[in-house]
Amino acid sequence: MENTQKTSIFALMRKIPGGIIIVPLFIGVIINTIAPNALKIGGFTTGLFSSGTSCLLGLFLLLNGASINVRKIGMPFYKGFVLTAIKFILGVALGLLVSALCGPAGLLGVTPMAIIAAITNSAGGEYLAIAQQYGDDTDAGAISILSLNDGPFFTMIAMGAAGMASIPFMTFVATLVPLIVGIVWGNLDSEFRKHASNALPIVTFFMMIPIGAGMSLRGLVSGGIGGVVLALISALSAFVFYAVYQIFLPKKKRNAMGAAIGTTAANATAVPSYMAEVDASFAPVASAATAQVTIAAIVTAFTCPLITAMLDKRMRRLKKGIYSDEAVAAQAEK
């Protein structure tokens, strides 16, 4: 009998650790590096592949919300608070430690401000994409809280500038709205819930292209040794977040998603210049810090999915957490 089975590019991507995230991300980075104007010709092309990040993230949240059971809404918020807390505490502690030991000049040219900006800010879009592959609906739902670490606010608080800024309430509301719409719709309409679940991988793929298109490999050149050091610190932090996160989850609920916050958000590159605007004393180091944070954002965009996939594979092999016999049996009973 003739074999009519065709090779699926999508299936091949899924065989790569974090492939559904890394492949489109890499496509976006390469295009923006080689031909930065190629995706900015306007119209639907620019909207889908360059400037549509917010729209696609909103759609992802809505579809993810549709799969959240309202009877279990507490777990997404709990996970969000835990992830946000450990991300903030580690970033602040590391920055203050470097400041105490090395002073304002920092470690190998990496200033405390750059460390705090890089470690306390995580890439929400990438976290969502990883959650779709290695987590569940409660992990993705945690983004409603985790998104609060996006931007300069925690950095300013950590550096003793809490009086100059506060976390905007509407940022929190804006993140919650699509999630809540999805939760309501999905819990009222089981047919929509099924279609939403099937659409998530497709949305994930296209969501990562404009995220990658916001980065460029040229940023690797301007950061120097300091950028490499910061990228290494930020990448390795994924292992720390993974280990700490396990402590706060019930044994049968433990997974590799703690590592999924081991990224530096692309918009964290704006933090040094923002700090320089509100405090002129940061102006001399703002340029170098921006380049260093840029490198950390680019590097961790690729290392985080790989590390999460590796830790997930380890948990699966050792039958820990969600892969334990008890957890699998409990899931089968549902």
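Further up the page is the structure itself.
Read on for a plain summary of the structure. Note that the structure is a prediction, hence the values are computed from the model and not measured. Within each chain, residue numbers correspond to sequence positions counted from 1 in written order. Where local features are concerned, this predicted model is filtered to residues with pLDDT of at least 70; where side-chain atom pairs are given and counted, the filter is 80 or more; whole-chain, interface and lining totals use all residues. Based on all heavy atoms of the structure, the side-chain values leave hydrogens and waters out of the count.

This paragraph deals with the overall build of the protein. Think of it this way: any DSSP run of H or I at least four residues long counts as a helix, any run of E at least two long counts as a strand, and we number them from the N terminus. Of regular secondary structure, the protein possesses 17 helices and 0 strands. Sequence-distant contacts in the protein: of pairs separated by 6 or more residues, those separated by 24 or more amount to 81%. Here the accessible surface of atoms and residues is derived via Shrake-Rupley with a 1.4 Å probe, and residues count as covered only by protein chains that are part of the display. When the accessible surface of the protein is summed, it comes to about 15600 Å², and 69% of that surface belongs to carbon and sulfur atoms. Any pair of residues with heavy atoms lying within 4.5 Å of one another is described as a contacting pair.

A separate point is the packing of aromatic side chains. The geometry of an aromatic ring pair is captured by the separation of the ring centres together with the interplanar angle, meaning the angle of the planes. Think of it this way: a Phe, Tyr or Trp ring, Trp meaning its six-membered ring, pairs with another when their centres are within 6.5 Å, and the plane angle makes it stacked under 30 degrees, edge-to-face over 60, tilted otherwise. The full count for this structure, using the stated rule, is 4 aromatic pairs. An angle of 5° between the planes, with centres 3.8 Å apart, marks the rings of W185 and F192 as stacked. Each residue in the set F49, F205 and F206 is aromatic and connected to the rest through ring pairs, giving one cluster.

Attention shifts here to unusual backbone geometry. Positive phi, normally seen in glycine, also occurs at K319, with a value near 55°. Structurally, the position occupied by K319 is in the loop between α16 (283-318) and α17 (325-333).

Another aspect to go through is helix α12 (residues 190-212). Here α12 spans 34 Å end to end across 23 residues, near enough to the 33 Å set by a 1.5 Å rise per residue. Along its length, α12 shows its largest kink, about 40°, at A199, and proline P201 lies within four residues downstream of that point. Identification of polar contacts relies on pairs of N or O atoms within 3.5 Å, with a donor-acceptor requirement for protein atoms, meaning one able to donate a hydrogen and the other able to accept it, and with residues adjacent in sequence counted only if both atoms are side-chain atoms. Backbone nitrogen of E191 and a side-chain oxygen of the N-cap are separated by 3.0 Å at the start of α12; the cap is D189. Helices are assigned an expected span. That span is 1.5 Å times one less than the residue count. Working definition for bend: take the seven residues up to and ending at a residue and the seven starting at it, fit an axis to each, and measure the angle between the axes.

Take the packing of helix α4 (residues 53-65) against helix α7 (residues 124-134) next. Working convention: axes come from line fits to C-alpha atoms, limited for helices to the stretch in contact. Angles between N-to-C directions cover 0 to 180 degrees. In the contact formed by α4 and α7, the axes pass within 11 Å of each other and the chain directions differ by 35°. Crossing hand, α4 versus α7: left-handed. Residues L57, F60 and L61 of α4 pack against G125, L128, A129 and Q132 of α7. For any pair of crossing helices, the crossing counts as left-handed if the nearer helix is rotated counterclockwise from the farther one by less than a right angle, and right-handed if it is rotated clockwise.

Before going further, it helps to spend a moment on a nonpolar patch on the surface. A patch consists of residues whose relative accessible area exceeds 30% and which take part in no salt bridge; residues with like charges are grouped when within 9 Å of each other, and nonpolar side chains (Val, Leu, Ile, Met, Phe, Trp, Tyr) when within 5 Å. The salt bridge criterion pairs a side-chain nitrogen of Lys or Arg with a carboxyl oxygen of Asp or Glu, the two atoms within 4 Å. A grouping of L232, L236, F239 and M310 is seen on the molecular surface, where their side chains present a nonpolar patch of about 370 Å² in accessible area. A per-element tally of the nonpolar patch places helix α14 (residues 224-247) first, with 3 residues. Relative accessibility thresholds used throughout: buried, under 20% of the residue-type maximum; exposed, over 50%; partly exposed, between the two (1.4 Å probe, protein chains only). Assessed through its relative accessible area of 32%, F239 is described here as partly exposed.

With that out of the way, let us pick up the side chain of S50. Positionally, S50 belongs in the loop between α3 (43-49) and α4. Here S50 is in contact with L39, K40, T45 and P210, once residues within four sequence places are set aside.

When you line up the elements, A288 lands in helix α16. A288 sits in the partly exposed class, given a relative accessible area of 41%. Considering only alpha carbons, one finds A288 and T111, 177 residues apart in sequence, at a separation of 9.0 Å.

Bringing the nonpolar core into the picture now. One broad rule of soluble globular proteins: the nonpolar side chains tend to lie buried together. Nonpolar core, defined: a set of buried Ala, Val, Leu, Ile, Met, Phe, Trp, Tyr and Cys residues in which side-chain atoms within 4.5 Å join the residues together. Counting residues in hydrophobic clusters, the biggest one holds 62 residues, and the most contacted among them are L83, Y127, M207, L230 and M257. At 9 residues, the largest contribution of residues to this core is made by α16. Ranked by size, the runner-up nonpolar core spans 8 residues in total, among them A238, A256, A259 and I307.

We now examine a positive patch on the surface. A positive count includes Lys and Arg, and a negative count includes Asp and Glu. His and the chain ends are not counted in either. In this description, the location of a charge corresponds to atom NZ of lysine, CZ of arginine, CG of aspartate or CD of glutamate. On the surface, K313, R314, R317 and K320 cluster together into a patch of positive charge. Here K313 is to be found in helix α16.

Attention now goes to the environment of N32. Locating N32 in the fold gives a position in helix α2 (residues 19-34). Judged by relative accessible area, which is 13%, N32 ranks as buried. Sequence spacing of N32 and P210 is 178 residues, and the spatial spacing of their C-alpha atoms is 9.5 Å. The contact partners of N32, leaving out residues within four places of it in the chain, are A213, G214, M215, S216 and R218.

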